[in-house]
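Summary of the model geometry
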Amino acid sequence: MSGLSLRDRPVGSATAYGGFRQIFNVVFTLIAVVALSGTSIAADRDPLKLLVLGDSLTAGYGVRQGEAFTDQLSEALQQAGRKVTVINGGVSGDTTAGGASRLGWLLSDRPDAAIVELGANDALRGLEPAATRANLDRIITELKAANVPVLLAGMLAPPNLGREYGEAFGRIYPDLAEEKEVLLYPFFLEGVAAVPELNQQDGIHPNPEGIAVVTKRILPYVLKLLDQADGGSS
């Protein structure tokens, strides 16, 4: 028996075939729309928010607008292909206690990650290392409770405070980073401290060139932090 062509088949069969094709086209179109929408959402999603909780070293003391650490870090991240809004949470003269007291309202910005750069003023004032540690512990605990991954930037005490104080102060950062399981950048002023041409006249605060060195050195750690905030993707 010879087969029937589509034209010779019963009307019901032709109708069923046409209906199948119509359903297939609709389903295919829906799949394509969903896929394209997902791509568009991924491409257009809001940038990550990175909070820099710090003191004058990050606030921009003594430098012009656009030259502060947060400004240079924002530019470096952009050059690295990262879509990030850097929030300058630095206050000149701030201690770890001051940072802890104002963290609550900074969290209202809903940061996705945070760099904690505090402690320099504690050391300059000779505050008890135990108090500094307790304040930093409180800050990290509050950030982690808000599901904000942390990069802790270490600090060293001035040598004129003596060896015992310097050792006690220096242990704060690696000990806390290990205990709280957060990223650690051992010394925020690495490569800049005590280098005259990279500091302002006070010998304490980096000039724009010094800030550039700080930014370049800490950038790989910041990228790791952002990977944590972004679920491990780059």
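Residues numbered from 1 in each chain as written. Predicted model: local features only at pLDDT ≥ 70, side-chain atom pairs only at ≥ 80, totals over all residues. Heavy atoms only, no water.

Quick look at the overall build of the chain
Stated formally: In DSSP terms, a helix is any run of H or I states spanning at least four residues, a strand is any run of E spanning at least two, and both are numbered starting from the N terminus. Only protein chains enter the calculation, and the probe is 1.4 Å; a residue is then buried if its accessible area is under 20% of its type maximum, exposed if over 50%, and partly exposed in between. Contacts were defined at the residue level, with two residues in contact if any of their heavy atoms lie within 4.5 Å. The Shrake-Rupley method, run with a 1.4 Å probe, gives the accessible areas here. Residue values count only the displayed protein chains as cover.
Counting its secondary structure elements, the chain contains eight helices and five strands. In the chain, the order of α-helices and β-strands from amino to carboxyl end is α-β-α-α-β-α-β-α-α-β-α-β-α. Within the span of the chain, comprising 234 residues, buried residues form 40% of the whole. Counting only contacts in the chain whose residues sit at least 6 apart along the sequence, the fraction spanning at least 24 positions is 78%. Approximately 13300 Å² of the chain is accessible, and the part contributed by carbon and sulfur atoms is 56%.

Remarks on the confidence of the model for the chain
Here is the rule we go by: Confidence per residue, as judged by the predictor, is encoded in pLDDT with a range of 0 to 100.
Put simply, the chain has an average pLDDT of 87, and 80% of its residues get 70 or more. Taken as a whole, residues 26–43 scores under 50 in pLDDT and shows one contact with residues more than four places along the chain or in a different chain.

A word on the nonpolar core
Our working rule: The term nonpolar core refers to a set of buried residues drawn from Ala, Val, Leu, Ile, Met, Phe, Trp, Tyr and Cys, joined through side-chain atoms within 4.5 Å.
Ranked by internal contacts, the top residues of the largest apolar core, which has 58 residues, are Leu-50, Leu-77, Leu-136, Ile-139, Leu-143, Phe-188 and Val-222. Here this core takes seven residues from helix H8 (residues 208–229), the largest share from any one element. Leave out the neighbours within four places in its chain, and Ile-139 touches Leu-53, Thr-96, Gly-99, Ala-100, Leu-103, Val-116 and Leu-118.

Points about the environment of Lys-144
Where we set the bar: Counting of polar contacts relies on pairs of N or O atoms within 3.5 Å, with two restrictions inside protein: one atom must be capable of donating a hydrogen and the other of accepting it, and residues adjacent in sequence are counted only when both atoms are side-chain atoms.
Relative to the helices and strands, Lys-144 is located in helix H6 (residues 129–145). Taking the relative accessible area as the measure of exposure, Lys-144 reaches 36% and is therefore partly exposed. Considering only alpha carbons, one finds Lys-144 and Ala-114, 30 residues apart in sequence, at a separation of 9.9 Å. Once residues within four sequence positions are removed from consideration, Lys-144 is found in contact with Lys-180, Glu-181 and Val-182. There is a polar contact of 2.5 Å between the side chain of Lys-144 and the backbone oxygen of Lys-180.

A word on helix H4 (residues 96–106)
Those residues of H4 that sit buried are Thr-96, Gly-98, Gly-99, Ala-100, Arg-102, Leu-103 and Leu-106. Those residues of H4 hidden inside the fold are in contact with strand S1 (48–54), strand S2 (84–90), helix H5 (120–124) and H6.

Here's the deal with unusual backbone geometry
As a rule of thumb, non-glycine residues mostly have phi less than zero, and peptide bonds are mostly trans rather than cis. Positioned with a positive phi, Glu-181 is a non-glycine residue whose angle comes to about 55 degrees. In this structure, Glu-181 sits in the loop between helix H7 (163–180) and strand S5 (183–185). With a phi close to 65 degrees, Ala-194 is a non-glycine residue in the positive phi region. Following the sequence through the fold, Ala-194 ends up in the loop between S5 and H8. Given the relative accessible area of 76%, Ala-194 is considered exposed.

Here we look at the packing of aromatic side chains
For any pair of aromatic rings, the description consists of the separation of the ring centres together with the inter-plane angle of the planes. The condition is simple: Pairing of aromatic side chains here covers Phe, Tyr and the six-membered ring of Trp, requires ring centres within 6.5 Å, and sorts the geometry by plane angle: under 30 degrees stacked, over 60 edge-to-face, intermediate tilted. A ring is scored as having a charge over it whenever the NZ atom of a lysine or the CZ atom of an arginine sits within 6 Å of its centre and within 35 degrees of its normal.
Counted by the stated rule, this structure contains four aromatic pairs. Between Phe-69 and Phe-188, the aromatic rings sit 5.2 Å apart at their centres with planes inclined by 75 degrees, giving edge-to-face as the arrangement. With Phe-69 in helix H3 (residues 69–79) and Phe-188 in the loop between S5 and H8, the pair connects residues that are 119 residues apart, well separated along the chain. Residue Phe-69 shares its accessibility class with Phe-188, and that shared class is buried. We note Lys-224 situated over the ring of Tyr-221; from NZ or CZ to the ring centre the distance is 5.8 Å.

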